[in-house]
Amino acid sequence: MEISLQQLASMVNGRLEGPPEAIVVGIAGIKEAKSDQITFLANPKYEAFMADTQAGGIIVERHWAGTCSRPLIRVDNPYLAFARASQFFHKKTLAPLGVSPQAWVDDSARIGNDVSIYPFAYVGSGARIGDRAVLHPFSYVGSEGIVGEDTLLHANVSVLERCSVGCRVTIHSGTVVGSDGFGYARDGDEYVKIPQAGIVQIDDDVEIGANCAIDRATTGKTWIQKGVKIDNLVQVAHNVVVGMNTILVAQSGISGSTEIGNNVQIGGQVGIVGHVRIGDRVGIAAQSGVTRSIEDGSIVSGTPALPHHNSLRAVALIPKLPNLFKRIQNLEARLKQLEDGPSGG
């Protein structure tokens, strides 16, 4: 797939400095790019490679002040422009395969047009599969489950009974949507299981990584709203709500009945207790432990999670604690000598 530099600049809302008719056919890193490929500069530490790159063009920040002999496309956000260009060069246009005779599709299921249901996929009774959906081998859609239009389930994805997945959703291998929430009532030394009778609802334009678990609600629904992006190995417990365009990074876990706002960024290995609310536009740094609700627009870090500037001050004090402890011991000893008075006759 080829495109002129001028067409590419228009596509990414950029301003071209160079020959408009020059053609590029792909995208690559700044060190590897060839003369028929576009590259980008989003991180200043790669600026040293600008002099030697062979790229046919470079996407840079609009006000970048460096010098370079290669054609430039100046944009407001080079990383976003790279994403748009990469989507163009890597766009997949696959012909629909239909329903494989080796797939199991219940007679009562409703199957849309131009689907691809691979061998050994399973579609249960009363399920609905939207137009152009793709179900890879060993994917599972339980009874009355819903998979929307243009949605992709990779191998070994399970969408359990009555759960729904919206349109243009991608779910990667090993993820389970609708596993039982972790609900038990204590009876002396034993635990009595609480039936998990709710569902999971995943809205449009969501992407979920590999080996995630999104638990069905005890009652009602666990809700992943439009535009959410979830990394690998994330746990979302029962009755959690994850607001629109929120990011959840790998190995994070959200406990039951917690509400996450819109446009939240949650770093890797974050743990969030149940029954709290995380406001809109909150940032939670990696390995934080959230034990209480967080107001809109806050940035927190640490365990327990504190406002980020307070957490940084606390972390800076930790290496000093041994010396501070010795000083306190010495001060206590001197104070005791003063209290006891001078010794001798």
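Okay, so let's go over this structure. (Residues numbered from 1 in each chain as written. Predicted model: local features only at pLDDT ≥ 70, side-chain atom pairs only at ≥ 80, totals over all residues. Heavy atoms only, no water.)

1. Regarding the nonpolar core
Turning to step 1, where the next piece is worked out: If you look at the biggest cluster of nonpolar residues, it comprises 49 residues, and the most contacted ones within it are L135, I202, I224, I230, I272, I278 and I284.
Turning to step 2, where the next piece is worked out: With residues up to four places along the chain from it excluded, the contact list for I230 reads E207, I208, G209, C212, I214, I224 and L248.
Turning to step 3, where the next piece is worked out: Core analysis: the next-biggest nonpolar cluster, separate from the first, contains 16 residues, L8, V12, F40 and A85 among them. (Core = buried A, V, L, I, M, F, W, Y, C linked by side-chain atoms within 4.5 Å. Buried < 20%, exposed > 50% of the residue type's maximum accessible area, 1.4 Å probe, protein only. Contact = heavy atoms within 4.5 Å.)

2. Some thoughts on the side chain of S139
Turning to step 1, where the next piece is worked out: Within the secondary structure, S139 is located in the loop between β14 (134-135) and β15 (140-141).
Turning to step 2, where the next piece is worked out: Within the local environment of S139, its side chain forms a polar contact with the backbone oxygen of H136, the two atoms lying 2.6 Å apart.
Turning to step 3, where the next piece is worked out: Sequence-distant contacts of S139, defined by excluding residues within four places in its chain, comprise F120, A121, Y122, L153, H154, N156 and V157. (Helix = DSSP H or I, 4+ residues; strand = E, 2+ residues; numbered from the N terminus. Polar contact = N/O pair within 3.5 Å; in protein donor to acceptor, adjacent residues only side chain to side chain.)

3. Let's talk about the sheet that holds strand β37 (residues 283-284)
Turning to step 1, where the next piece is worked out: Overall, mixed pairing links the 12 strands, which are arranged β8-β11-β14-β17-β20-β25-β28-β31-β34-β37-β39-β40 in an open sheet. Every other strand in the sheet has two partners, leaving β8 (98-99) and β40 (306-307) as the edge strands with one partner each.
Turning to step 2, where the next piece is worked out: Direction of pairing for β8 relative to strand β11 (residues 116-117): parallel, over a ladder of two bridges. By the bridge assignment for β11, V99 is matched with I117. (Pairing = 2+ DSSP bridges.)

4. What to know about the sheet that holds strand β18 (residues 158-159)
Turning to step 1, where the next piece is worked out: The parallel open sheet is built from 10 strands, whose spatial order is β9-β12-β15-β18-β21-β26-β29-β32-β35-β38. Each edge of the open sheet is held by one strand with a lone partner, namely β9 (104-105) and β38 (289-290).

5. Topic: the layout of surface pockets
Turning to step 1, where the next piece is worked out: Estimated volume of the largest pocket: approximately 1,300 Å³.
Turning to step 2, where the next piece is worked out: Residue contributions to the lining of the largest pocket peak at five residues, all from helix α2 (residues 78-89).
Turning to step 3, where the next piece is worked out: Partitioning the lining of the largest pocket into residue classes produces 11 nonpolar, 10 polar and 10 charged.
Turning to step 4, where the next piece is worked out: Here the second largest pocket is characterised by a volume of approximately 180 Å³.
Turning to step 5, where the next piece is worked out: Along its surface, the second largest pocket is lined by V290, T291, R292, S293, I294, E295, S298, V300, P304, A305, L306 and P307.
Turning to step 6, where the next piece is worked out: For the lining of the second largest pocket, a count of residues per class yields seven nonpolar, three polar and two charged. (1 Å grid on protein atoms, 1.4 Å probe; cavity = no way out; pocket = protein on both sides within 12 Å on 5 of 7 lines; lining within 4 Å. Points joined across faces, edges and corners; volume = space filled by probe spheres on them. Nonpolar A, V, L, I, M, F, W, Y, C, P; charged D, E, K, R; others polar.)

6. Description of a nonpolar patch on the surface
Turning to step 1, where the next piece is worked out: Taken together, the side chains of V315, L317, I318, L321 and L324 make up a nonpolar region of the molecular surface, amounting to roughly 440 Å² of accessible area.
Turning to step 2, where the next piece is worked out: Broken down by secondary-structure element, the contributors of at least two residues to the nonpolar patch are α3 (308-317) and α4 (321-340).
Turning to step 3, where the next piece is worked out: Turning to its location among the elements, L317 is positioned in helix α3. (Patch = residues over 30% accessible without salt bridge, like charges linked within 9 Å, V, L, I, M, F, W, Y side chains within 5 Å. Areas by Shrake-Rupley, 256 points an atom, 1.4 Å probe, with all protein chains shown as cover. Salt bridge = Lys/Arg side-chain N within 4 Å of Asp/Glu carboxyl O.)

7. Brief notes about the environment of D114
Turning to step 1, where the next piece is worked out: Mapped onto the secondary structure, D114 falls in the loop between β10 (110-111) and β11.
Turning to step 2, where the next piece is worked out: Remark: the alpha-carbon pair of D114 and V264, spanning 150 residues in sequence, is separated by 36 Å.

8. So, the pattern of salt bridges
Between side chains of opposite charge, a pair can form when the charged atoms approach closely.
Turning to step 1, where the next piece is worked out: Taken as a whole and assessed by the stated rule, the structure comprises 14 salt bridges.
Turning to step 2, where the next piece is worked out: The partner of R74 in a salt bridge is E17, with the nearest N and O atoms 2.7 Å apart. Of this pair, R74 sits in strand β7 (residues 72-75) while E17 sits in strand β2 (residues 15-17), and the two are 57 residues apart along the sequence.
Turning to step 3, where the next piece is worked out: Put simply, D150 and R132 hold a salt bridge, and the shortest N to O gap is 2.7 Å. Pair noted here: D150 is in the loop between β16 (146-147) and β17 (152-153) and R132 is in the loop between β13 (128-129) and β14, with a separation of 18 residues, a long-range link.
Turning to step 4, where the next piece is worked out: Overall, D150 belongs to the partly exposed group, its relative accessible area being 34%.

Take it as geometry only, folks, not as evidence of what the structure does.
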